[in-house]
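Spelled out from the first residue to the last, the chains are:
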Amino acid sequence: MFSFKDFNPVQKKNEAAVLIDSTKNLKYKLALEGVAVGIVSGLIAVVYRFALTYSEQELRLVLTQAKGNPGAMALWFLLLIFMALTVGFLIRWEPMISGSGIPQVEGELEGHFETNWLKVLVGKLVGGVLCILGGLSLGREGPSVQLGAMGGKGFSKIFKRLNVEERYLMTCGASAGLAAAFNAPLAGVMFSLEEVHKSFSVSVLFCAMTASVTADFISKLFFGMSTVFNFPVSAGIPLKAYGWIVLLGVVLGICGALYNRALSLSQGFYGKMKRLPAVLKPVIPFVAAGILGFTLPEVLGGGHAMITDLQDGRLALGAMALLLAAKFLFSMLSFGSGAPGGIFFPLLVLGAYIGGIFGKLAIGTGTIEAQYLNNFIILAMAGYFTAIVRAPITGIVLITEMTGSLDHLLSLSVVAIVAEITAAGLGAEPVYEMLLDKLLARRGAKPVEAAGDKTLLTVAVQQGSLAAETQIADLSWPEACLLVSIRRGDKEIIPRGDTLILPADTLVALTDEARFVPVSRGLHQLCDDSSDWGKGEV
């Protein structure tokens with residue numbers, strides 16, 4: 001049943017005893033540490049957010065003063081090339097700062113590689129600020145997740161936490177980073193559980209919540225209590241018009257699948273430039289940003305102003321279509337280069353414009369009132385996010401917190417569910433899993449090697465899984481895996497061959513650090529609901 005061949009019981013007795021002892025009251029210990037990580041990661045995210053806001057203001061000022069002045073415009077393009085080269089050298093110095101940062105966090109939590117937390121913090125902060133100052137169509141939210149996770153990892157390294165705690169603290173930091181970036185603590189928790197950690201255990205939920213709420217408090221001290229969007233919604237869409245919501249969900253599912261395909265192609269486009277050194281690749285989107293800055297400046301940066309312009313039908317249908325196409329293409333050009341920045345906020349902008357166009361067309365049929373245009377915009381942000389990221393709960397909670405309204409909770413749920421089913425039906429891979437697979441392929445997909453260090457895994461047993469309602473002796477367990485405890489509510493059960501595993505139990509297993517990835521996959525195959533298989537959960 002269990003394989004002990006990779007363990008030396010005499011040599012590792014003390015180490016295993018320390019690990020097992022560390023699980024006692026782990027939930028409350030992690031909660032306290034989560035507060036500390038929330039403060040650290042929240043402050044990092046606040047600094048990053050301030051720096052990006054200042055960069056966007058300076059960018060607008062430069063473009064306004066330089067436009068129409070050939071000498072000033074030429075100087076700006078020279079500065080853009082300099083910033084691009086600096087970003088390129090930063091990526092060569094620390095490759096893990098490239099792109100969003102969320103796949104890097106997920107990959108490290110799965111045990112595929114080990115990052116230098118301090119280098120990532122410095123490189124991501126400097127590189128991200130330069131990208132926004134240059135006008136690239138990148139978001140702050142993905143980098144905030146990575147910066148927060150590195151804050152959690154740094155806390156763990158400095159205070160010499162065990163590796164089993166380090167993974168929890170990185171999850172706490174990721175949750176805190178997103179919460180501070182969006183002023184959305186619940187979305188931070190849900191994203192860390194649904195997408196980053198891929199586990200809904202009580203320990204993870206509790207510590208992620210403390211970190212997220214703490215970071216949100218820190219963020220509100222600096223940015224105030226207002227929501228990220230001030231999007232007025234007079235009332236929810238009437239039930240008789242829900243056919244439009246279902247249709248919108250289908251459209252968003254298709255568009256989400258196309259987005260993921262286009263993102264893959266954009267990375268392939270840069271990958272085929274074999275003769276172009278990697279440090280020069282960011283020059284392409286930086287120069288494109290300079291051209292757009294003097295012709296279509298609305299599409300530069302994350303795109304917050306673009307969403308504000310959509311309110312109450314201010315833009316004509318043609319203008320929305322033009323901005324949507326330009327933002328989409330420029331986002332692909334920006335992210336595909338590997339520049340440090342995320343897709344999170346830009347994809348919400350794209351979703352808002354899809355919703356705006358859809359809403360205008362629906363209103364044009366005369367079957368729904370014009371007052372519901374803002375509803376379609378909000379719904380489309382959640383649906384498009386769900387179709388691309390495949391995290392529907394996070395999408396619903398995020399948009400609810402960002403808009404500060406519960407009036408559209410039912411319609412948000414409907415459009416997210418339909419978009420998720422449509423994207424899955426089209427065979428679209430979740431975007432961060434796709435990006436992680438590409439990252440691992442470039443690195444040779446080798447998990448991090450450790451010199452026999454031991455670690456603990458905790459996996460929640462889901463209803464409908466192979467392990468649920470099954471005795472321990474009747475299951476085929478992964479090699480190099482030793483089940484050391486079963487948590488059932490507040491009780492701790494010592495496992496025996498005839499112990500019956502129940503849904504909602506949390507299994508605690510001991511393994512080698514070097515075997516973390518295959519053992520984790522094997523345990524999740526036993527404990528996850530079989531209807532979720534094939535979605536890439538680890």
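Values in this document were obtained by computation on a predicted structure and should not be read as measured data. (Residues numbered from 1 in each chain as written. Predicted model: local features only at pLDDT ≥ 70, side-chain atom pairs only at ≥ 80, totals over all residues. Heavy atoms only, no water.)

Caption draft 1: A look at the overall build of the chain. Across its full length, the chain carries 19 helices and six strands. For the chain, with 538 residues in total, the buried portion stands at 59%. Residue pairs at least 24 apart in sequence account for 82% of intrachain contacts in the chain once pairs closer than 6 positions are excluded. In the form shown here, the chain has an accessible surface area of approximately 21500 Å², with 64% of it arising from carbon and sulfur atoms. (Helix = DSSP H or I, 4+ residues; strand = E, 2+ residues; numbered from the N terminus. Buried < 20%, exposed > 50% of the residue type's maximum accessible area, 1.4 Å probe, protein only. Contact = heavy atoms within 4.5 Å. Areas by Shrake-Rupley, 256 points an atom, 1.4 Å probe, with all protein chains shown as cover.)

Caption draft 2: Quick peek at the nonpolar core. Core analysis: the biggest nonpolar cluster contains 118 residues, and Phe182, Phe191, Phe344 and Leu348 have the highest contact counts within it. In this structure, Phe155, Leu169, Leu456 and Leu482 belong to the second largest nonpolar core, which totals 22 residues. (Core = buried A, V, L, I, M, F, W, Y, C linked by side-chain atoms within 4.5 Å.)

Caption draft 3: Representation of the sheet that holds strand 6 (residues 506-512) within the structure. Pairing within the open sheet is antiparallel, and its four strands lie in the order 1-6-3-4. At either margin of the open sheet sits one strand with a lone partner, and together these are strand 1 (454-460) and strand 4 (491-493). Across the sheet, the axes of successive neighbouring strands diverge by a mean angle of 25°, strand direction being ignored. Pairing of strand 3 (residues 482-488) with strand 4, which is carried by three bridges, proceeds in the antiparallel orientation. Directly across from Arg488, in strand 4, lies its bridge partner Lys491. Packed on one face of the sheet, helix 19 (residues 516-527) meets strand 1 and strand 6 and runs near 20° to strand 1. (Pairing = 2+ DSSP bridges. Axes fitted to C-alpha atoms, helices over the stretch in contact; angles between N-to-C directions.)

Caption draft 4: A look at the pairing of strand 6. Extensive coverage of strand 6 is indicated by the burial of seven of its seven residues. Here strand 1 runs beside strand 6; their pairing, made up of seven bridges, is antiparallel. Its bridge partner being in strand 6, Leu457 is matched across the sheet by Ala509.

Caption draft 5: Geometry of the packing of aromatic side chains. Enumeration over the complete set of coordinates arrives at 14 aromatic pairs. Both rings, one in Phe155 and one in Phe159, keep their centres 4.8 Å apart while their planes meet at 45°; by these two values the pair is tilted. The class of Phe155 is buried, set by a relative accessible area of 15%. Consider the rings of Phe269 and Tyr270, whose centres lie 5.3 Å apart with planes at 75°: the pair is edge-to-face. The class of Phe269 is partly exposed, set by a relative accessible area of 43%. By way of ring pairs, the aromatic residues Phe182, Phe191, Phe344, Phe345, Phe385 and Tyr432 are connected into one cluster. When the ring centre of Phe223 is taken as origin, the NZ or CZ atom of Arg49, which lies over that ring, is 3.9 Å away. Taking NZ or CZ as reference, Arg167 lies 3.7 Å from the ring centre of Phe516, over its face. (Phe/Tyr/Trp six-rings, centres within 6.5 Å; stacked < 30°, edge-to-face > 60°. Lys NZ or Arg CZ within 6 Å of the ring centre and 35° of its normal.)

Caption draft 6: Spotlight on empty space enclosed by the protein. Per the stated rule, a full pass over the model turns up two cavities of 30 Å³ or more. One number sums up the size of the second largest cavity: a volume of about 30 Å³. As for the second largest cavity, its lining consists of Ser137, Tyr259, Leu263, Ser331, Met332, Phe335, Ile343 and Pro346. Elements supplying a minimum of two residues to the lining of the second largest cavity: helix 10 (242-271) and helix 13 (317-336). In the lining of the second largest cavity, the residues fall into six nonpolar, two polar and no charged. (1 Å grid on protein atoms, 1.4 Å probe; cavity = no way out; pocket = protein on both sides within 12 Å on 5 of 7 lines; lining within 4 Å. Points joined across faces, edges and corners; volume = space filled by probe spheres on them. Nonpolar A, V, L, I, M, F, W, Y, C, P; charged D, E, K, R; others polar.)

Caption draft 7: Region of the structure containing unusual backbone geometry. One non-glycine residue with positive phi stands out, namely Ala480, at about 60°. With respect to the helices and strands, Ala480 occurs in the loop between strand 2 (470-471) and strand 3. Overall, Ala480 belongs to the buried group, its relative accessible area being 0%. Positive phi, close to 80°, is recorded for Ala504, a residue that is not glycine. If you trace the backbone, Ala504 turns up in the loop between strand 5 (500-501) and strand 6. We classify Ala504 as exposed; its relative accessible area is 63%.

Interpretation note: all reported values are geometric properties and have no functional meaning in isolation.
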